[in-house]
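What follows is the residue order along each chain.
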Amino acid sequence: MENKLKPYILLAPIAIILISIMGFGIANCVMQSLGYMPHIGEENISFRFYKEVIRDSIFLESLIFSLKTSFISSTVSVFIGVIVAYFLSQEKLSKIKESLLNLPIIIPHIVVVMLMITIFSQSGIISRILYSLNIINDSSQFISLVSDKNGVGIILVYLWKGIPFTIITAYNILKNISNNLEKVAINLGASKLQCFRHIILPLASPTIISSFIILFAFSFGSFEVPFLIGPTTPKALSVSAYTSYISSDLSQRSYAMVINVILSSLSFILLIVYNKILEKINKYKI
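This write-up is about the structure you can find in this document. (Residues numbered from 1 in each chain as written. Predicted model: local features only at pLDDT ≥ 70, side-chain atom pairs only at ≥ 80, totals over all residues. Heavy atoms only, no water.)

**Topic: the overall build of the chain**
Phase 1: Counting its secondary structure elements, the chain contains 12 helices and zero strands.
Phase 2: Counting from the amino terminus, helix and strand elements in the chain follow one another as α-α-α-α-α-α-α-α-α-α-α-α.
Phase 3: Whereas a compact globule of 286 residues would reach a radius of gyration of roughly 19 Å, the chain reaches 24 Å, over 25% beyond that.
Phase 4: Based on the C-alpha atoms only, the size of the chain along its principal axes is roughly 80 × 75 × 35 Å.
Phase 5: For the chain, the proportion of contacts with a sequence separation of at least 24, taken over those separated by at least 6, is 72%.
Phase 6: Carbon and sulfur atoms provide 67% of the accessible area of the chain, an area that totals close to 17700 Å². (Helix = DSSP H or I, 4+ residues; strand = E, 2+ residues; numbered from the N terminus. Rg over C-alpha atoms; globule rule 2.2 N^0.38 Å. Contact = heavy atoms within 4.5 Å. Areas by Shrake-Rupley, 256 points an atom, 1.4 Å probe, with all protein chains shown as cover.)

The following block contains the structure:
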């Protein structure tokens, strides 16, 4: 009994400190979102700021923008990643290919953002090449992917890591699926596409869904990418929260905290869904 409790006893001091710090931060965030900020004379607790934020058209535009960029980038990453992983699973993945797949995941988003600005902005490399070839008369004629209102640049940055992440995750599952199932289906008259659709996808669906949830949650709450190459309007939710928080008007912090609570709540919901899917994956046996 003592041996079982010993690890928890050893972790208790640091766990108590971390939980206390996180708990204070969460409690402070929730209280400020409810309007309780005694340092500026606001001590009334209400859901006034929640109502104002939800009814605000700017917030709704930011919410739709964040959902759109997150959903598109996650869907495309999973779609391309699963297809590539399927073909790679037909043979043993060499160390060189594995290193190439891990490389984009290792590179920080900030580096990819800088590359995006250098290559795809109106003053970037592609724009200068097109100008040199007399394809465009001015750099303003080049369709910049930086600060694009549709968030194309943001989506491309997310794809940089999302696709390799999905490939590696799906590959580890697909390579363990017995080829005999596919061979039997082909002998019975099924095509390769039918095998992939009715055999491979159902078996790999828990991993596919969990990969989508991870990518969606990450991109939905990401700050640095939309802050650096995102449009001025509409802003991503995380950028809107940051803008409200650093405002000279301290009452704007309540709006920032409301957005943070919404982002955290969605992340918590996605975490619960991910854990449920993870339980199914652990029960799955080839």
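**Looking at the packing of helix H3 (residues 57–88) against helix H7 (residues 152–174)**
Phase 1: Packing of H3 against H7 brings their axes to within 7 Å, and their N-to-C directions diverge by 40 degrees. By the angle between their axes, H3 is oblique relative to H7. Considering how the two elements wind past one another, H3 and H7 form a crossing that is right-handed.
Phase 2: A breakdown of the residues in the contact of H3 with H7 according to their chemical character gives 19 nonpolar, six polar and no charged. (Axes fitted to C-alpha atoms, helices over the stretch in contact; angles between N-to-C directions. Parallel < 35°, antiparallel > 145°, perpendicular 65-115°, else oblique. Left-handed = near helix turned anticlockwise from the far one by under 90°. Nonpolar A, V, L, I, M, F, W, Y, C, P; charged D, E, K, R; others polar.)

**Here's the deal with the packing of aromatic side chains**
Phase 1: As enumerated under the stated definition, the model contains nine aromatic pairs in all.
Phase 2: Between the aromatic rings of phenylalanine 49 and tyrosine 255, the centroid separation amounts to 5.1 Å while the plane-to-plane angle is 85 degrees, which identifies the pairing as edge-to-face. With a gap of 206 residues between them, phenylalanine 49 in helix H2 (residues 48–55) and tyrosine 255 in helix H12 (residues 252–283) connect regions that are remote in the sequence.
Phase 3: Judged by relative accessible area, which is 7%, phenylalanine 49 ranks as buried.
Phase 4: Taking 6.0 Å as the distance between ring centres and 80 degrees as the angle between the ring planes, the aromatic pair formed by phenylalanine 71 and phenylalanine 212 counts as edge-to-face. Of this pair, phenylalanine 71 sits in helix H3 while phenylalanine 212 sits in helix H9 (residues 192–221), and the two are 141 residues apart along the sequence.
Phase 5: Overall, phenylalanine 71 belongs to the partly exposed group, its relative accessible area being 48%.
Phase 6: Taking the relative accessible area as the measure of exposure, phenylalanine 212 reaches 24% and is therefore partly exposed. (Phe/Tyr/Trp six-rings, centres within 6.5 Å; stacked < 30°, edge-to-face > 60°. Buried < 20%, exposed > 50% of the residue type's maximum accessible area, 1.4 Å probe, protein only.)

**Thoughts on a nonpolar patch on the surface**
Phase 1: Side chains of Ile110, Met114, Ile117, Phe227, Leu228, Tyr242, Tyr245 and Ile246 sit close together on the surface and give an oily, nonpolar patch of about 680 Å² of accessible area.
Phase 2: With three residues, helix H5 (residues 109–120) is the single largest residue contributor to the nonpolar patch.
Phase 3: By the secondary structure assignment, tyrosine 245 is in helix H11 (residues 237–245).
Phase 4: Since its relative accessible area comes to 35%, tyrosine 245 is described here as partly exposed. (Patch = residues over 30% accessible without salt bridge, like charges linked within 9 Å, V, L, I, M, F, W, Y side chains within 5 Å. Salt bridge = Lys/Arg side-chain N within 4 Å of Asp/Glu carboxyl O.)

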